[in-house]
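An overview of the molecular structure
Below are the chains, spelled out letter by letter.
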Amino acid sequence: MESATDLVEYKYEELASITGGFSEENFVGKTLYGKVFRGKIHQDLETQEVVVKIWVDSMRDVTAPELQESRFDNEIKLLTNSDLKGHPNLVKLIGFYCETEWLGVVYELKPLDALEKLILHDDFTWLARIKVALEFACILECLHDQQLLHLSIGATHLMIDQDFSPRLFDFAMLVGGGFGEIPSREYGFGCHAYVDPVIGLTAKRVFDLKKAKDLGELNAVYIWAWMEYGEPNKTPRSKYFFGTDTGKPRSKCWGMLKKHKESQPNKSLVDKSLESDEYFGAGDGVEITELAMRCVDYYPEE
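Description of the structure in this document.

1. Let's talk about helix α10 (residues 284-295)
The end-to-end C-alpha distance of α10 is 17 Å, a good match for the 16 Å that 12 residues give at a rise of 1.5 Å each. Where α10 is concerned, the buried positions are G285, V286, I288, T289, A292 and M293.

2. Examining the packing of aromatic side chains
Going through the model one piece at a time under the given rule, you end up with 10 aromatic pairs. Judged by centre distance (5.3 Å) and plane angle (85°), the ring pair of W55 and F72 falls under edge-to-face. Taken together, the residues span a long stretch of sequence, with W55 in strand β4 (residues 46-55) and F72 in helix α2 (residues 65-79) at a distance of 17 residues. Note on accessibility: W55 and F72 belong to one class, buried. Pairing F124 with F164 gives two aromatic rings, centres 5.9 Å apart and planes at 20°, and the pair type is stacked. Of the two residues, F124 is situated in the loop between α3 (115-118) and α4 (126-145) and F164 in the loop between β9 (158-161) and β10 (166-168); the sequence distance between them amounts to 40 residues. Overall, the relative accessible area of 1% leaves F124 in the buried class. Of the residues examined, F164 reaches a relative accessible area of 28% and is grouped as partly exposed. Taken together, the aromatic side chains of Y12, F22, F27, F37, Y97 and W102 make up a single cluster linked through ring pairs.

3. A look at the sheet that holds β9
Taking strand neighbours across the sheet as the criterion, the three strands line up as β7-β9-β10 in an open arrangement whose pairing is antiparallel. The strands lining the two open edges of the sheet, one partner per strand, are β7 (111-114) and β10. Averaged over all neighbouring strand pairs, the angle between strand axes comes to 35°, with direction disregarded. Of the pairings in the sheet, the one linking β7 to β9 comprises three bridges and is antiparallel in character. Within the sheet, the bridge partner assigned to A114 lies in β9 and is M159. α4 rests against β9 and β10 of the sheet, and its axis sits at about 30° to β10.

4. Quick word on the pairing of strand β2 (residues 27-30)
Taken together, the three bridges between β2 and strand β3 (residues 34-43) define a ladder with antiparallel strand orientation. Looking at the pairing, K30 lines up with K35 of β3. In this structure, the hairpin formed by β2 and β3 is closed by a connection of three residues.

5. Here we look at the sheet that holds β3
Whether parallel or antiparallel, the strands of a sheet pair through hydrogen bonds between backbone atoms. Spatial strand order, β1-β5-β6-β4-β3-β2: six strands in an open sheet with mixed pairing. Since the sheet does not close on itself, it has two edges, and those belong to β1 (8-9) and β2, each with one partner. Sheet topology places β4 next to strand β6 (residues 103-108); six bridges connect them, and they run antiparallel. By the bridge assignment for β6, K53 is matched with V105.

6. Digging into the environment of L149
Within the secondary structure layout, L149 lies in strand β8 (residues 148-150). Judged by relative accessible area, L149 falls into the partly exposed class, the value being 42%. In this structure, the C-alpha to C-alpha distance between L149 and F179, residues 30 residues apart in sequence, is 9.7 Å. Contact partners of L149, with chain neighbours within four places excluded, come to H144, M173, L174 and V175.

7. Considering the state of the cysteines
Counting across every chain of the model gives zero disulfides. C142 takes part in no disulfide bond, and the closest cysteine sulfur, belonging to C138, lies 9.4 Å away.

8. Let's talk about the side chain of E135
Mapped onto the fold, E135 is located in helix α4. When neighbours within four sequence positions are excluded, E135 is seen to be in contact with N89, S165 and P166.

9. Thoughts on the environment of W102
Structurally, W102 is set in the loop between β5 (92-98) and β6. Note: C-alpha distance between W102 and I54 (48 residues apart in sequence) is 7.4 Å. Residues within four places of W102 in sequence aside, it is in contact with Y12, I54, W55 and Y97.

10. Considering the pattern of salt bridges
Tallied over the entire structure, the rule returns eight salt bridges. Here K204 and D122 are joined by a salt bridge, their closest N and O atoms 2.4 Å apart. You can see K204 sitting in the loop between α5 (198-203) and α6 (212-215) and its partner D122 sitting in the loop between α3 and α4, a full 82 residues away along the chain. Using a relative accessible area of 63% as the deciding quantity, one classes D122 as exposed. Of the charged contacts, one joins E275 and K272 as a salt bridge, the two residues approaching to 3.9 Å between their closest N and O atoms. Taken together, the shared-partner salt bridges in this structure form one network comprising K53, E75 and D170.

Thresholds applied
- Residues numbered from 1 in each chain as written.
- Predicted model: local features only at pLDDT ≥ 70, side-chain atom pairs only at ≥ 80, totals over all residues.
- Heavy atoms only, no water.
- Helix = DSSP H or I, 4+ residues; strand = E, 2+ residues; numbered from the N terminus.
- Expected span 1.5 Å × (residues − 1).
- Buried < 20%, exposed > 50% of the residue type's maximum accessible area, 1.4 Å probe, protein only.
- Phe/Tyr/Trp six-rings, centres within 6.5 Å; stacked < 30°, edge-to-face > 60°.
- Pairing = 2+ DSSP bridges.
- Axes fitted to C-alpha atoms, helices over the stretch in contact; angles between N-to-C directions.
- Contact = heavy atoms within 4.5 Å.
- Disulfide = S-S within 2.5 Å.
- Salt bridge = Lys/Arg side-chain N within 4 Å of Asp/Glu carboxyl O.

So this is what it looks like as structure tokens:
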């Protein structure tokens, strides 16, 4: 791996010290292939707030170690890219750890929390949610300008800082440019998160891993939105959404969506509790819902 010369190369013992032994108290959440911890670096009389991300072995039965190393290299490459480095909605990489059984990176970041946890909080205001949505769109636009696609973006991969700005910190399924393609056997592992977080932000919903076994894809926030936005009093079974072979939505689902304006004009999926926020406007719910639904349309050209 070729790394930028200004990055610090840490030892495992140093990362353990920074995170209090990877303690539960400092645990922030899981990424697609790793875990994230808060940490502090003490130097002289100053203390630097950081986030430490480590890759874990739990996916090695389906993901070869060399692929994990490739994703690790890609992250270093992305975050040291001169065209992207310093973007306010990307984490700032300050160091890494790379030895036989462990991979890790250190970001300069004082996080409030992962977006997934904040979405359900009542003290996460309407303006804060819209700020996150707008700045999230800005980082996506920046990546797209570089011909890069992030195939696993969701609330678990966005950290919110103390100023309520989102920081993208996980890049496990980045493709395009010089990053190549994701092996086909791995496509399924990011699909539940690969939706526009605007829906979750405003509907106060997150993908619940505990319910995934029983509900399958119906547990995904964007599919809940499809059903709510379609014809009233019709909740299709899972088979209406995905074919058994291709994984593509069946036409019945899309027929429902095309009729939504006739059956439910001015439909809002914004959680009712947010409508009492002093900065919530009368037309906000309908407008943000229509925008979010366009973002998760299976046929984006339409």
